[in-house]
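Spelled out from the first residue to the last, the chains are:
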Amino acid sequence: MSPPVPLSPAFDVAALREQFPLLCAQPALVYLDNAATTHKPRAVLDAERRFYETSNANVHRSVHRLAHAATDAFENARSTIARFLNAHDAREIVFTRGTTEAINLVAQSWGRSQLHAGDEIILTMLEHHANIVPWQMLAAERGLTLRVVELQPDGSLDLAQFRQLMGSRTRLLAVTALSNAIGTRPPLREMIDTAHRHGARVLVDAAQAMAHDIIDVQDLDADFLVFSGHKVFGPTGIGALWARGDLLAGMPPWQGGGEMIERVSFSGTTYQAPPYRFEAGTPPMAQAVGLAAALDWLGALDRPALAAYEDMLRATLEHGLAALPGVRVVGTAPGKGPLVSAAFEQAHPFDVAQFLDARDIAVRVGTHCAQPLMETLQLPGTLRISLCAYNTVTEVEALLSALADTLEWLQ
Amino acid sequence: MTFDRARITEQLGQAASWEAKNRLLVQIARELPALDDADRDDAHRVHGCESGVWMSLDWRDDRLTLRLDSDSRVVRGLLVLVLAAFHGRSADDILSVDFAGWLAQLGLARFLTSSRANGLKAIVDRVRDAASRHLADRPARYC
Ligand SMILES: Cc1ncc(COP(=O)(O)O)c(C=O)c1O
């Protein structure tokens, strides 16, 4: 492998880092666990604080001035998310607690109303437990069959086998846009086309892709797309489901409570139109505003330059790992995201991570909530190094040198 | 199999940095005999850890026999601490041990807070539960 070519400084990472209070306050920290959660730029923290300081009231309920301000802020956040995803209409955005809740919403609402015994759902070996377990629960309840797209040796999906799995009973393909465990990016456009030709719907888990890829739901032509705010520089406790308007309109509510009803009486209740039908109870308002600020912040960056920068970091990292004895990169699919999983001949990943932590280098070890994948790869787990916009070549070099030391003495 | 709590306390107490403490744990781990493969099965596995951890416990003459193993060397070092605290002791003794306090004294409290990853808390809870159950099962001796 030839060394990666350093980019011209089109992307000013020093200026970017300065916008992250936690990184400024902890300059020695090397944070390479961004797939678990990213840090938050000042713009996000300010937006949440400003909401509480200027607009705090309950949304959609009261007629007073402050309630209008809160409702405006909340609905503007919805519009921002719709714009960021290039959704057709802001009413296609349902706020959720995150990816996990959004997938459960689709399973419980669309799945329970549309799927019947004998129907089939196709998942892939790359999926996070959040995109497996809700379907297993639904399958057990409804007598559905789950089928799984297998991996090629490099960690890409076996598309020939995928096409064979597609059949007349296939009703849904649920697939990640970027594997949180080994970085593979499945060929979404192609898979979505295939699924649609068989009359199946497609749910895209964009939890990992949001921070790295430009996501355009119209261009992708998916049916559902879900993500979490906290993995894309936004707050915890907020995320969203995007669903095509005609699908949402036909979906029944899944949680009952305030906000989601049009009229309640003890003889019967009528429900609001989407998206409110799916947002029972007081929503996380400040968090929604924070999420919109995160997407505005990210959207203002030069995204192609950022993607090239992240890919340069990944290539530098993989090049360095290849030079270390006893280290194997798990997942080498072409076009993978800025996330590298490593396995060691001599050392347990947990021990390696423990020593990296002693040098304030944060990585993740384990099965990454993808136990079926790890079993297939016959690994007890890996050490995962996940990069994002604010990481630097210096940090990658610090990791590589700490790793070299650690492996030498753990032998 | 005995582990010298005083020596462990002294050694770990002298290790100043987190890295030095981790290195010592790896060294201490060498004292831990490996479990037979037969005992490293699912029935003995402590779940929810990022490394494999196995445990078996039984009582001989009202004293706990504890056997532990892991595929991580740092965790094996921690398991030596668990043995030093609980192995060969009576149920009453076990329930009086302040394990968290000892770890804090050793500068290793962080291992208990991040214990979903290393399984330490799950193991200590199981030992304590076993001790409580052992006391409850023992026929009360009235004169
Ligand atoms: C690919 C993928 N899907 C789903 C999730 C679940 O996200 P959350 O825990 O924010 O709901 C994650 C988080 O790790 C993920 O990486």
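How each quantity is defined
Residues numbered from 1 in each chain as written. Chains lettered and ligands numbered in written order. Predicted model: local features only at pLDDT ≥ 70, side-chain atom pairs only at ≥ 80, totals over all residues. Heavy atoms only, no water. Helix = DSSP H or I, 4+ residues; strand = E, 2+ residues; numbered from the N terminus. Buried < 20%, exposed > 50% of the residue type's maximum accessible area, 1.4 Å probe, protein only. Contact = heavy atoms within 4.5 Å. Areas by Shrake-Rupley, 256 points an atom, 1.4 Å probe, with all protein chains shown as cover. Near = heavy atom within 4 Å. Polar contact = N/O pair within 3.5 Å; in protein donor to acceptor, adjacent residues only side chain to side chain. Nonpolar A, V, L, I, M, F, W, Y, C, P; charged D, E, K, R; others polar. Salt bridge = Lys/Arg side-chain N within 4 Å of Asp/Glu carboxyl O. Pairing = 2+ DSSP bridges. Axes fitted to C-alpha atoms, helices over the stretch in contact; angles between N-to-C directions. Phe/Tyr/Trp six-rings, centres within 6.5 Å; stacked < 30°, edge-to-face > 60°. Lys NZ or Arg CZ within 6 Å of the ring centre and 35° of its normal. Buried area = accessible area lost by both parts, 1.4 Å probe. Domains from an automatic or database assignment.

1. Considerations on the overall build of chain B
Each helix and strand in chain B was counted, giving 8 helices and 2 strands. Along chain B, helices (α) and strands (β) appear in the sequence α-α-β-β-α-α-α-α-α-α when read from the amino end. The buried share of chain B, reckoned over its 143 residues, is 47%. Here the analysis covers contacts within chain B between residues at least 6 apart in sequence; of these, 62% occur between residues at least 24 apart. As presented, chain B carries roughly 7,300 Å² of accessible surface, and 47% of it is formed by carbon and sulfur atoms.

2. Things to note about the site of the ligand
Residues and elements named next belong to chain A. Close contacts around the ligand come from Thr99, Thr100, His128, Ala130, Thr176, Asn180, Asp205, Ala207, Gln208, Ser228, His230 and Lys231, and that covers them all. In this structure, an oxygen atom belonging to the ligand sits 3.4 Å away from a main-chain N or O atom of threonine 99. Separating an oxygen atom of the ligand from a side-chain N or O atom of histidine 230 is a distance of 2.8 Å. The protein chains hide 85% of the 390 Å² of surface that the ligand would expose on its own. Per-class residue counts for the shell around the ligand are 2 nonpolar, 8 polar and 2 charged.

3. Topic: the pattern of salt bridges
Residue and element names in this part refer to chain A. Applying the stated rule across the entire model yields 31 salt bridges over all chains. The salt bridge partner of arginine 201 is aspartate 223, with a shortest N-O separation of 3.9 Å. Taken together, the residues span a long stretch of sequence, with arginine 201 in strand β6 (residues 201-205) and aspartate 223 in the loop between α9 (217-220) and β7 (224-228) at a distance of 22 residues. Note on arginine 201: relative accessible area 27%, which makes it partly exposed.

4. Overview of the pairing of strand β5 (residues 170-176) of chain A
Residue and element names in this part refer to chain A. Extensive coverage of β5 is indicated by the burial of 6 of its 7 residues. With 3 bridges connecting them, strand β3 (residues 120-124) and β5 associate as parallel partners. Following the sheet pairing, isoleucine 121 is matched in β5 by leucine 172. As judged from the 5 bridges shared by β5 and β6, these two strands associate in the parallel manner.

5. Overview of the sheet that holds β6(A)
All names here are of chain A. Pairing is mixed in the open sheet, where 7 strands are placed in the order β2-β8-β7-β6-β5-β3-β4. Each end of this open sheet is capped by a strand with a single partner; those strands are β2 (93-96) and β4 (145-149). Averaged over all neighbouring strand pairs, the angle between strand axes comes to 20 degrees, with direction disregarded. Packing against the sheet, helix α4 (residues 65-84) makes contact with β2 and β7, and its axis sits at approximately 115 degrees to β2. Lying over the sheet, helix α5 (residues 99-114) contacts β2, β5, β6, β7 and β8 (239-243), oriented at roughly 155 degrees with respect to β7.

6. Here we look at the packing of aromatic side chains
By the definition in use, this model includes 13 aromatic pairs over all chains. Here Phe99(B) and Trp102(B) contribute two aromatic rings whose centre-to-centre distance is 6.2 Å and whose plane-to-plane angle is 70 degrees, an arrangement assigned as edge-to-face. Taken together, the positions of Phe99(B) and Trp102(B), both in helix α5 (residues 99-105) and 3 residues apart, correspond to about one turn of that helix. One aromatic cluster is present, built from ring pairs that chain together Phe20(A), Phe233(A), Trp297(A) and Tyr390(A). Of note, Arg23(B) hangs over the ring of Trp409(A), and the distance from its end group to the ring centre comes to 4.4 Å.

7. Structural notes on the interface of chain A and chain B
Interface size is commonly expressed as the accessible area that is lost once the parts come together. Counting residues at the interface gives 17 residues for chain A, matched by 17 residues for chain B. Overall, the association of chain A and chain B removes approximately 1,400 Å² of surface from exposure, summing both partners, and the carbon and sulfur fraction of that is 54%. The largest per-residue losses of area from chain A upon contact with chain B belong to His348(A), Phe350(A) and Trp409(A), which jointly make up 36% of the total buried on that side. If you look at where chain A meets chain B, you find 2 salt bridges. At the junction of chain A and chain B, the tally comes to 9 residue pairs in polar contact (both at pLDDT 80 or more). Secondary structure elements with two or more residues in the side of chain A that touches chain B: α13 (349-358), β14 (364-366) and α15 (393-410) of chain A. The greatest single-element share of the side of chain A that touches chain B, amounting to 6 residues, is contributed by α13(A). Considering only residue class, the side of chain A that touches chain B consists of 7 nonpolar, 6 polar and 4 charged.

8. Section: unusual backbone geometry
A cis amide bond, omega 0 degrees, links Pro274(A) with the succeeding residue Pro275(A). Checked against the element boundaries, Pro275(A) lands in the loop between β10 (268-271) and α11 (285-299). Phi at Asp61(B) is positive, roughly 50 degrees, even though this residue is not glycine. Relative to the elements of secondary structure, Asp61(B) occurs in the loop between β1 (53-60) and β2 (63-70). In this structure Asp61(B) comes out as exposed when scored by relative accessible area, which is 74%.

9. Considering the domain arrangement of chain A
Residue and element names in this part refer to chain A. With domains assigned, chain A is organised as domain 1 (13-31 + 302-409) and domain 2 (45-299). For domain 1 versus domain 2, the separation of C-alpha centres amounts to 28 Å. The interface of domain 1 with domain 2 comprises 33 residues on the first partner and 29 residues on the second. Summed over both partners, the interface of domain 1 with domain 2 buries about 2,400 Å², with 63% contributed by carbon and sulfur atoms. Inspection of the domain 1/domain 2 interface yields 14 residue pairs in polar contact (both at pLDDT 80 or more). Among the secondary structure elements, those contributing two or more residues to the side of domain 1 that touches domain 2 are α12 (303-322), β12 (339-344) and α14 (371-377). Looking at the side of domain 1 that touches domain 2, the element that brings in the most residues is α14, giving 6 residues. For the side of domain 1 that touches domain 2, a count of residues per class yields 20 nonpolar, 9 polar and 4 charged.

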